[in-house]
Amino acid sequence: GIPDLLLCDQLGFFHFIELKFTTTNKVDLRPSQVAWLTRHRHSSSWVLVKKQTKPTETAEVFLFKGADAVDLKMEGLDKVEPEFRCKQPFKWETIFHLISPI
């Protein structure tokens, strides 16, 4: 269940990021991933989802707090409010600033 990415910022703080890809509004978080994100909901834990329904369609990314893992698993992208979302070209600077606001 440990998230895919461990990011260490310039101040030495750690941030955990679970990466997901979907072609629908469903986010396929495994029970162990939901448990880890819920257990560590007070940490800097995140779920970053890339959605692209067709190869010819513009992709979109959604950034959620790890504390939203249960709702995200049960309700999907269309029912849970992300911290941030954008279509391609992705605004990585904004995403990284939300994850690590230094």
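Refer to the preceding data block for the structure.
Residues numbered from 1 in each chain as written. Predicted model: local features only at pLDDT ≥ 70, side-chain atom pairs only at ≥ 80, totals over all residues. Heavy atoms only, no water.

**Q** Any chance you could explain the overall build of the protein here in plain terms?
**A** Within the protein one finds three helices and five strands. The linear arrangement of helices and strands in the protein, starting from the amino end, is β-β-α-β-β-α-β-α. For a compact globule of 102 residues, the expected C-alpha radius of gyration is about 13 Å, and the protein comes in at 13 Å, within 12% of that figure. Overall, the C-alpha framework of the protein stretches about 40 × 30 × 20 Å when taken along its three principal axes. Looking at the protein as a whole, 39% of its 102 residues qualify as buried. Partitioning the contacts of the protein with sequence separation of at least 6, the portion at a separation of at least 24 is 52%. Carbon and sulfur atoms make up 55% of the accessible area of the protein, which amounts to about 6400 Å² in all. (Helix = DSSP H or I, 4+ residues; strand = E, 2+ residues; numbered from the N terminus. Rg over C-alpha atoms; globule rule 2.2 N^0.38 Å. Buried < 20%, exposed > 50% of the residue type's maximum accessible area, 1.4 Å probe, protein only. Contact = heavy atoms within 4.5 Å. Areas by Shrake-Rupley, 256 points an atom, 1.4 Å probe, with all protein chains shown as cover.)

**Q** Any chance you could explain the pairing of strand β2 (residues 14-22) here in plain terms?
**A** Side-chain direction in a regular strand flips from residue to residue, so the side chains alternate between the two faces of the sheet. Note that strand β1 (residues 5-8) and β2 share four bridges and pair antiparallel. Within β2, the position partnered with Cys8 by the bridge is Phe14. The turn joining β1 and β2, which pair antiparallel and follow one another in sequence, is formed by five residues; a positive phi near 90 degrees is taken by Gly12. Bridging between β2 and strand β3 (residues 45-51) involves seven bridges; their strand directions are parallel. Counterpart to Lys20 in the pairing with β3 is Val49. With helix α1 (residues 31-39) bridging β2 and its parallel neighbour β3, the resulting β-α-β unit is right-handed. (Pairing = 2+ DSSP bridges. Right-handed = clockwise from strand over helix to strand, strands pointing away.)

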